[in-house]
Amino acid sequence: MTIYQPQSSAAASKPQRDSAYKTALAQFDRAAQILGLESGLYEILRAPRRELTVNFPVKMDNGEIRCFTGYRVHHNTARGPTKGGIRYSPQVDLEEVRALAMWMTWKCAVVNIPYGGAKGGVVVDPKQLSLRELEALTRRYTTEITPLISPEGDIPAPDMGTNPQVMAWIMDTYSMHRGYSVPAIVTGKPLNIGGSAGRFEATGRGIMFTVREAYRTFGWSFDGIRIAIQGFGNVGSITAQTAHEMGCKVIAVSDIGGGIYNPHGIDIPKLRRFMKEHRSVTEFPEGDRITNAELLTLQCDVLVPAATENQITADNAAQVRARMIAEGANGPTTPEADEILLENNVVVIPDILCNAGGVVVSYFEWVQSLQQLFWEEEDVMHRLERIMVRSFHDVYETALRMDIDLRTAALVLGIGRVAEATRTRGLYP
Ligand code: GLU
């Protein structure tokens, strides 16, 4: 047994970052002002509905007990049960989860699926845990947040640091407590326990459906466009694969270890095979090494930030040389950067539209799980494309009509829909 030794707290050693919640609130305030929201409604929509913080122990492989902190936040329930992923990250805190939950509310409203927004997180670096430890942590966290989750009330899904296996453990843990299988408790499950065809690919595909539709709408030529992608997790790698299949040239990709650049286009299927046995894209021999900062300012047609928040800021926005930014991550651009990009005529397809493919197919998965009736991948993809194309036009037409940028338009559309639902439901009691 080891004896407790006081250490400098993790929070104190955390690098200072712009707060995602500050960004989310600034975006909300701007859209609320344009919408002319009455003050009561403004306050309702701005605040998280409920928040849960849990501290719980996990027995590690060496026999020691470690305590972890987790969260689950429901932002808004006006349009339906809450929906949103669970993030495992050493940086996650309550404020970040609040921001991500708020973005989920607007995202579900923009693509018009019947959900409110939620998000969860555990302060942990999952790469530091063994598979057994990860399972134990997931099962205990699931049990701790059981008061907030249910198939009709709040349905978790994957996010950064979690994957289909983690969803399987969540589903199993919840089901063990109930005494029967409850597949609709979570989405992003493996296919063999009731996951949906196409869910794993959904976010990346949705991003490229949206980019292609934007190009079509603007009358720009889509053929062979050059794309740079920051992040090579689920979102970044599937975006790269889809871009490749659509005939685009992926000239740069990166992960936490740095990036690679190849002006002739990276062989994405080969890179994805390579990544099954390697830790970082920087080990791939067919390209020049670049940093993440360099990737963001590369000369290209479309830049896809698909890593984490606050990547494009007042410090680097003026150096962005892409024609379009397609936000794969949630909150990658700060409000200050937005202003600079707007001035420089860089088109930003905002996160709550661009990366909504994930939650759209989560919705399909939930419907299939509730009905125990499963769809073909082709149906899933057709329906996904229809929703992404329709949502792009809803946002674009809002932008034209109100003479505002696409991010503000998406927020106005999403927040407006949640406001309408709130008015229609009325106030209880
Ligand atoms: N974590 C994803 C997001 O940020 C997916 C959420 C879901 O499928 O519920 O949109």
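Positions within a chain are numbered from 1, following the residues in the order the chain's sequence is written. Per-residue local features of the predicted model are confined to residues with pLDDT of at least 70, and side-chain atom pairs are confined, for both listing and counting, to 80 or more; whole-chain, interface and lining totals are unaffected and use all residues. Side-chain metrics rest on all non-hydrogen atoms present in the structure, leaving aside hydrogens and water.

### Quick notes on the overall build of the protein chain
The secondary structure listing takes helices from DSSP runs of H or I that are at least 4 residues long and strands from runs of E that are at least 2 residues long, numbered from the N terminus. Assigned secondary structure in the protein chain consists of 15 helices and 12 strands. Only C-alpha atoms enter the radius of gyration, while the globule expectation follows 2.2 Å times N to the 0.38, with N the number of residues. Taken over C-alpha atoms, the radius of gyration comes to 21 Å for the protein chain, in line with the 22 Å a tight globule of 429 residues would show. Overall size of the protein chain, expressed as C-alpha extent along the three principal axes, is 60 × 60 × 50 Å. In the protein chain, buried positions account for 57% of the 429 residues. Sequence separation of at least 24 residues holds for 68% of the intrachain contacts in the protein chain that already meet a minimum separation of 6. A total accessible area of about 18700 Å² is found for the protein chain, and carbon and sulfur atoms account for 50% of it. In summary, the charge assignment counts Lys and Arg as positive and Asp and Glu as negative, without counting His or the chain termini. To locate a charge, take atom NZ for lysine, CZ for arginine, CG for aspartate or CD for glutamate. Charged side chains of the protein chain number 44 positive and 49 negative; the gap between the two group centres comes to 3 Å. Here the term buried applies to any residue with accessible area under 20% of the maximum for its type, exposed to any over 50%, and partly exposed to those in between, with areas from a 1.4 Å probe on protein chains only. Residues count as neighbours in contact if any of their non-hydrogen atoms are within 4.5 Å of one another. We get accessible surface area from the Shrake-Rupley algorithm with a probe of 1.4 Å; when it comes to residues, only the shown protein chains can shield them.

### Digging into the sheet that holds strand β3 (residues 82-89)
Within a beta sheet, neighbouring strands are joined by backbone hydrogen bonds and run either parallel or antiparallel to one another. Two strands pair under a simple rule: DSSP has to find at least two bridges between them. Spatial strand order, β1-β2-β4-β3-β5: 5 strands in an open sheet with mixed pairing. For this open sheet the edge positions go to β1 (50-59) and β5 (154-158), each flanked by a neighbour on one side alone. On average, each strand axis in the sheet is tilted by 25° relative to the strand beside it, whichever way the strands run. Where β3 and β5 come together, 5 bridges link them in parallel fashion. In this analysis, axes come from line fits to C-alpha atoms, helices being fitted only over the stretch in contact, and the angle between any two N-to-C directions falls in the range 0 to 180 degrees.

### Regarding the packing of helix α2 (residues 20-35) against helix α3 (residues 39-46)
Two elements in contact, α2 and α3, have axes separated by 11 Å at closest approach and are oriented at 155°. Here α2 lies roughly antiparallel to α3, going by the angle between them. Handedness of the crossing formed by α2 with α3: right-handed. Contacts between α2 and α3 involve Tyr-21, Leu-25, Phe-28, Asp-29 and Ala-32 from the first element and Tyr-42, Leu-45 and Arg-46 from the second. Any residue outside Ala, Val, Leu, Ile, Met, Phe, Trp, Tyr, Cys, Pro, Asp, Glu, Lys and Arg is labelled polar, Gly included; the first ten of those are nonpolar and the last four are charged. Partitioning the contact of α2 with α3 into residue classes produces 6 nonpolar, no polar and 2 charged. Convention used here: angles under 35 degrees read as roughly parallel, angles over 145 as roughly antiparallel, angles from 65 to 115 as roughly perpendicular, and any remaining angle as oblique. Take the far helix as your reference; a near helix turned counterclockwise from it by less than a right angle gives a left-handed crossing, and one turned clockwise gives a right-handed crossing.

### Focus: the site of the ligand
The immediate surroundings of the ligand are formed by 14 residues, with Lys-83, Lys-107, Pro-158, Asp-159 and Ser-362 found nearest. Here a polar contact is taken to be a pair of N or O atoms separated by no more than 3.5 Å, where protein atoms must pair a possible hydrogen donor with a possible acceptor and residues adjacent in sequence count only if both atoms sit in side chains. Here Lys-107 contributes a side-chain N or O atom positioned 2.7 Å from an oxygen atom of the ligand. Here a nitrogen atom of the ligand and a side-chain polar atom of Asp-159 are 2.8 Å apart. Compared with its free state, where it exposes 290 Å², the ligand has 94% of that area covered by protein. Proximity is defined per residue: any heavy atom of the residue falling within 4 Å of a molecule or strand makes that residue near it.

### Considering the pairing of β1
The pairing of β1 with strand β2 (residues 65-76) spans 10 bridges and is antiparallel. Opposite Phe-56, over in β2, you have Phe-68 as the bridge partner.

### Some words on the side chain of Asp-255
Within the secondary structure, Asp-255 is located in strand β7 (residues 249-255). Note on definitions: salt bridges are taken to be side-chain nitrogens of Lys or Arg within 4 Å of carboxyl oxygens of Asp or Glu. Arg-289 provides the closest opposite charge to the buried, unpaired Asp-255, separated from it by 8.3 Å.

### Some thoughts on unusual backbone geometry
Put simply, Tyr-428 and Pro-429 share a cis peptide bond, and its omega is 5°. If you trace the backbone, Pro-429 turns up in the segment after α15 (406-425). Even without being a glycine, Asp-403 presents a positive backbone phi close to 55°. Structurally, the position occupied by Asp-403 is in the loop between α14 (377-402) and α15.

### Quick notes on the sheet that holds strand β9 (residues 288-290)
Strand order in this open sheet of 7 strands is β9-β8-β7-β6-β10-β11-β12, and the pairing throughout is mixed. Every other strand in the sheet has two partners, leaving β9 and β12 (347-349) as the edge strands with one partner each. Ignoring which end each strand starts from, the neighbouring axes of this sheet average 20° apart. Inspection of the sheet shows strand β6 (residues 226-230) paired to strand β10 (residues 302-305) by 4 bridges, in the parallel sense. If you follow Gln-230 over to β10, its bridge partner there is Pro-305.

### Quick notes on the confidence of the model for the protein chain
Taken over all residues, the pLDDT of the protein chain has a mean of 96, while the share at 70 or more is 96%. Confidence drops under pLDDT 50 across residues 8-16; counting only partners more than four residues distant or on other chains, this segment forms 4 contacts. What pLDDT reports is the predictor's confidence in each residue, on a scale of 0 through 100.

### Observations regarding the nonpolar core
One finds Trp-106, Val-253 and Leu-271 to be the most contacted residues of the largest nonpolar core, which totals 90 residues. Counting residues per element, this core draws most heavily on α15, at 10 residues. With sequence-adjacent residues up to four places away left out, Trp-106 is seen in contact with Phe-28, Leu-45, His-75, Ile-352, Leu-411, Gly-414, Ile-415 and Val-418. Among the nonpolar cores identified, the runner-up in size contains 24 residues, and Met-167, Trp-169, Tyr-174 and Ile-185 belong to it. Grouping buried Ala, Val, Leu, Ile, Met, Phe, Trp, Tyr and Cys residues that are joined through side-chain atoms within 4.5 Å yields what is termed a nonpolar core.

### Looking at the pattern of salt bridges
This model, assessed by the stated rule, comprises 25 salt bridges. Of the charged contacts in the structure, one is a salt bridge between Glu-38 and Arg-423, with a shortest N-O distance of 3.1 Å. Here the residue Glu-38 occupies a position in the loop between α2 and α3, and Arg-423 occupies one in helix α15, the gap between them amounting to 385 residues. Assessed through its relative accessible area of 39%, Arg-423 is described here as partly exposed. With a closest N to O distance of 2.4 Å, Glu-286 and Lys-270 form a salt bridge.

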